[in-house]
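Below are the chains, spelled out letter by letter.
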Amino acid sequence: LRSWYEKRAIFFSYSDRAKMRLDFESFQNAAKDALGDGEASELDSVVRFALEIGDRKKAMQAANQIFDRNLRTEEVPCKTYHYLLRDALKCGDMDAAEKYVQPLRSLCDGQRFQLEAIGMVLCYDALTDLRRGLEFYQKNQALREGSRNPFLCFWFDRGAAKLLTAAAEQGLSGTDISGMVLTPEQLSEKAETIMQNCRTLAERFDARNRSNYFSSEL
């Protein structure tokens, strides 16, 4: 049941926040057994859901266990840093964001199943370092083009659109996946195309989930 409540909380996090909160509590209270995903993944879930409900103290206690004990899976601590960076950006805490983005950047760079985290790094770069962001975007464009996962593509595209829009407004140039140089005007057009794709995906996800979660994230 512990693992089941955890997965259902993930499901409800995009559609019903009250049910997510209840399942998060049930997940924490259920007994551990052999069907769980392991301590690292379970602590990572605590970080995720504690941040979702605004309990940053609990989130940091779980995150520090992951970091201090060097717990690892294929996705942890990449996901953990991603959750912390996202929360820091939402709170406008740029000092914390800088702390979390540094390890996250190296962990997600070039990883095709970490497009969500890459998109979050692009959101950070859109606010802090446009040239570095363009370089990171260009380096990972091929991962996005080769992905057939609409969920991951949504988060990558959201970050890319924010970055390219900001870069175009500052008069910067970039390159497309073939290496062709794009003028600021072309970057702006590309950003709008990407954002339109995000809007379409958000509408489809929200229609399926009967919520406005994805649209609100834009």
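Residues numbered from 1 in each chain as written. Predicted model: local features only at pLDDT ≥ 70, side-chain atom pairs only at ≥ 80, totals over all residues. Heavy atoms only, no water.

Chemist: Which residues make up the packing of helix H8 (residues 130-145) against helix H9 (residues 150-169), and what values go with them?
Modeler: Two numbers describe how H8 lies on H9: the axes approach to 10 Å, and their chain directions differ by 145°. Judged by the sense of rotation from one axis to the other, the crossing of H8 with H9 is left-handed. On the side of H8, the interface is formed by Leu130, Gly133, Leu134, Tyr137, Asn140, Gln141 and Arg144, while H9 contributes Cys153, Phe156, Asp157, Ala160, Leu163, Leu164, Ala166 and Ala167. Taken together, the residues that form the contact of H8 with H9 break down as 10 nonpolar, three polar and two charged. (Axes fitted to C-alpha atoms, helices over the stretch in contact; angles between N-to-C directions. Helix = DSSP H or I, 4+ residues; strand = E, 2+ residues; numbered from the N terminus. Left-handed = near helix turned anticlockwise from the far one by under 90°. Contact = heavy atoms within 4.5 Å. Nonpolar A, V, L, I, M, F, W, Y, C, P; charged D, E, K, R; others polar.)

Chemist: Describe the layout of surface pockets, with residues and values.
Modeler: Where empty space is left can be seen by rolling a probe of water-molecule size over the atoms. Each pocket or cavity is described by its volume, and for the largest pocket that value is around 740 Å³. Every residue lining the largest pocket is counted, 32 residues in all, and those nearest its centre are Tyr14, Arg48, Lys79, Tyr83 and Glu116. At the level of elements, helix H1 (2-12), helix H3 (39-52), helix H5 (78-91), helix H7 (115-128) and H9 are the ones that each hand at least two residues to the lining of the largest pocket. Here the lining of the largest pocket is built from residues that sort into 10 nonpolar, seven polar and 15 charged. (1 Å grid on protein atoms, 1.4 Å probe; cavity = no way out; pocket = protein on both sides within 12 Å on 5 of 7 lines; lining within 4 Å. Points joined across faces, edges and corners; volume = space filled by probe spheres on them.)

Chemist: Tell me about unusual backbone geometry, and please be specific about residues and values.
Modeler: A cis amide bond links Val76 with the next residue in sequence, Pro77, at an omega value of 15°. If you trace the backbone, Pro77 turns up in the loop between helix H4 (56-68) and H5. You will see that Asn70, though not glycine, has its phi angle at about 55°, which is positive. Tracing the backbone shows Asn70 in the loop between H4 and H5. By relative accessible area, which is 48% here, Asn70 ends up partly exposed. (Buried < 20%, exposed > 50% of the residue type's maximum accessible area, 1.4 Å probe, protein only.)

Chemist: Quick one: what's the story with the pattern of salt bridges, residue by residue and with numbers?
Modeler: Under the definition given, this model contains 16 salt bridges. A salt bridge links Lys7 to Asp37, with the shortest nitrogen-to-oxygen separation between them at 2.5 Å. Of this pair, Lys7 sits in helix H1 while Asp37 sits in the loop between helix H2 (17-29) and H3, and the two are 30 residues apart along the sequence. The exposure class assigned to Lys7 is partly exposed, which follows from its relative accessible area of 37%. Judged by its relative accessible area of 41%, Asp37 is partly exposed. When salt bridges with common partners are traced through the structure, they connect Arg86, Lys90, Arg158 and Glu217 into a single cluster. (Salt bridge = Lys/Arg side-chain N within 4 Å of Asp/Glu carboxyl O.)

Chemist: Help me get a handle on the environment of Phe154, residues and values and all.
Modeler: By the secondary structure assignment, Phe154 is in helix H9. Judged by relative accessible area, Phe154 falls into the buried class, the value being 0%. For the pair Phe154 and Leu115, spaced 39 residues apart in the sequence, the C-alpha separation amounts to 8.9 Å. Setting aside residues up to four positions removed in sequence, Phe154 forms contacts with Cys198, Leu201, Ala202, Phe205, Phe214 and Leu218.

Chemist: Account for the packing of H9 against helix H10 (residues 184-209), with residues named and values stated.
Modeler: Viewed as axis vectors pointing N to C, H9 and H10 meet at an angle of 150°, and their least axial separation amounts to 8 Å. Considering their axes alone, H9 and H10 lie roughly antiparallel with respect to each other. Here H9 and H10 pass one another in a crossing that is left-handed. Across the interface between the two elements, Pro150, Phe151, Phe154, Asp157, Arg158, Ala160, Ala161, Leu164, Thr165, Ala167 and Ala168 from H9 touch Pro184, Leu187, Ser188, Lys190, Ala191, Ile194, Met195, Asn197, Cys198, Leu201, Ala202 and Phe205 from H10. Split into classes, the residues belonging to the contact of H9 with H10 amount to 17 nonpolar, three polar and three charged. (Parallel < 35°, antiparallel > 145°, perpendicular 65-115°, else oblique.)

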